[in-house]
Amino acid sequence: MAHALAPLAGSGDFSDLETEYVRLFIAGPGGIPAPLYESCHLGGERRTMGRSALDMRDRLAAAGLSVALDSNEPPDHLTLELEYLYHLCAEGWANDPALAEQAEAFAAQVMLPWVRRFRDALAGADPHPVYLGAADIVVAVLERVPDA
């Protein structure tokens, strides 16, 4: 992935990555190739605020966490799920083995299946190598959580 950023690093012009981000994740011609929401990768109807978003909202509430964003992102957005996983890992590894077990289960049973499908959808959209490399890293991290 570092070599994919090299041409951009000297110029500081990341506009191509911004355009690519919009195409891949927000509004591409013919649809969004790789939505950043779990709800969109579970089969059936690809839509936001599905069952997985409601489940994630409940997980966050049970952990005493909330989403404080102006954008009203559904709670099953990739970055929010990663933040929740971080919370479980940090608290679990430091203080509470039960939370560490929850982190392992969340990574393996909830995130990994849909993030793999997300990664495959992204790969099928001929993305900039930076985005595919980042998706590969996320999959690799999720695969390692149970081993941590």
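Residues numbered from 1 in each chain as written. Predicted model: local features only at pLDDT ≥ 70, side-chain atom pairs only at ≥ 80, totals over all residues. Heavy atoms only, no water.

## Comments concerning the packing of helix 5 (residues 97-123) against helix 6 (residues 129-144)
Thinking step 1. In the contact formed by helix 5 and helix 6, the axes pass within 10 Å of each other and the chain directions differ by 160°. When the interaxial angle is binned, helix 5 and helix 6 end up roughly antiparallel. Handedness of the helix 5/helix 6 crossing: left-handed. Side by side, helix 5 and helix 6 meet where Ala107, Met111, Leu112, Val115, Arg116, Phe118, Arg119, Leu122 and Ala123 of the first sit next to Tyr131, Leu132, Ala135, Asp136, Val138, Val139, Leu142 and Glu143 of the second.
Thinking step 2. In terms of residue class, the contact of helix 5 with helix 6 is built from 13 nonpolar, no polar and 4 charged. (Axes fitted to C-alpha atoms, helices over the stretch in contact; angles between N-to-C directions. Helix = DSSP H or I, 4+ residues; strand = E, 2+ residues; numbered from the N terminus. Parallel < 35°, antiparallel > 145°, perpendicular 65-115°, else oblique. Left-handed = near helix turned anticlockwise from the far one by under 90°. Contact = heavy atoms within 4.5 Å. Nonpolar A, V, L, I, M, F, W, Y, C, P; charged D, E, K, R; others polar.)

## So, the packing of helix 3 (residues 51-62) against helix 4 (residues 78-94)
Thinking step 1. Their axes nearest at 11 Å, the elements helix 3 and helix 4 cross at an angle of 35°. At the point where helix 3 passes helix 4, the crossing takes the left-handed sense. Counting all contacts with helix 3, which are made through Met56, Arg59 and Leu60, the residues of helix 4 involved are Leu80, Glu81 and Tyr84.
Thinking step 2. Of the residues that constitute the contact of helix 3 with helix 4, the class distribution is 4 nonpolar, no polar and 2 charged.

## Overview of the pattern of salt bridges
Thinking step 1. Taken as a whole and assessed by the stated rule, the structure comprises 6 salt bridges.
Thinking step 2. Asp58 serves as the salt-bridge partner of Arg57, at 3.6 Å between the closest nitrogen and oxygen.
Thinking step 3. Assessed through its relative accessible area of 45%, Arg57 is described here as partly exposed.
Thinking step 4. The class of Asp58 is partly exposed, set by a relative accessible area of 40%.
Thinking step 5. Between Asp136 and Arg119 there is a salt bridge, with the nearest N and O atoms lying 2.6 Å from each other. One end of the pair, Asp136, is in helix 6; the other, Arg119, is in helix 5, and 17 residues separate them in sequence.
Thinking step 6. Given a relative accessible area of 21%, Arg119 falls into the partly exposed group.
Thinking step 7. Taken together, the shared-partner salt bridges connect Arg119, Asp120 and Asp136 into one network. (Salt bridge = Lys/Arg side-chain N within 4 Å of Asp/Glu carboxyl O. Buried < 20%, exposed > 50% of the residue type's maximum accessible area, 1.4 Å probe, protein only.)

## Comments concerning a nonpolar patch on the surface
Thinking step 1. Where nonpolar side chains cluster on the molecular surface, the patch consists of Tyr21, Val22 and Ile26 and spans about 240 Å² of accessible area.
Thinking step 2. On the secondary structure map, Val22 appears in helix 2 (residues 15-26). (Patch = residues over 30% accessible without salt bridge, like charges linked within 9 Å, V, L, I, M, F, W, Y side chains within 5 Å. Areas by Shrake-Rupley, 256 points an atom, 1.4 Å probe, with all protein chains shown as cover.)

## Thoughts on the nonpolar core
Thinking step 1. Grouped together as the largest cluster of nonpolar side chains are 31 residues, with contacts concentrated most on Leu85 and Phe118.
Thinking step 2. Looking at this core, the elements with two or more residues in it are helix 2, helix 3, helix 4, helix 5 and helix 6.
Thinking step 3. When sequence neighbours within four positions are dropped, the list of residues in contact with Phe118 reads Phe25, Ala34, Pro35, Leu36, His41, Leu78 and Ala135. (Core = buried A, V, L, I, M, F, W, Y, C linked by side-chain atoms within 4.5 Å.)

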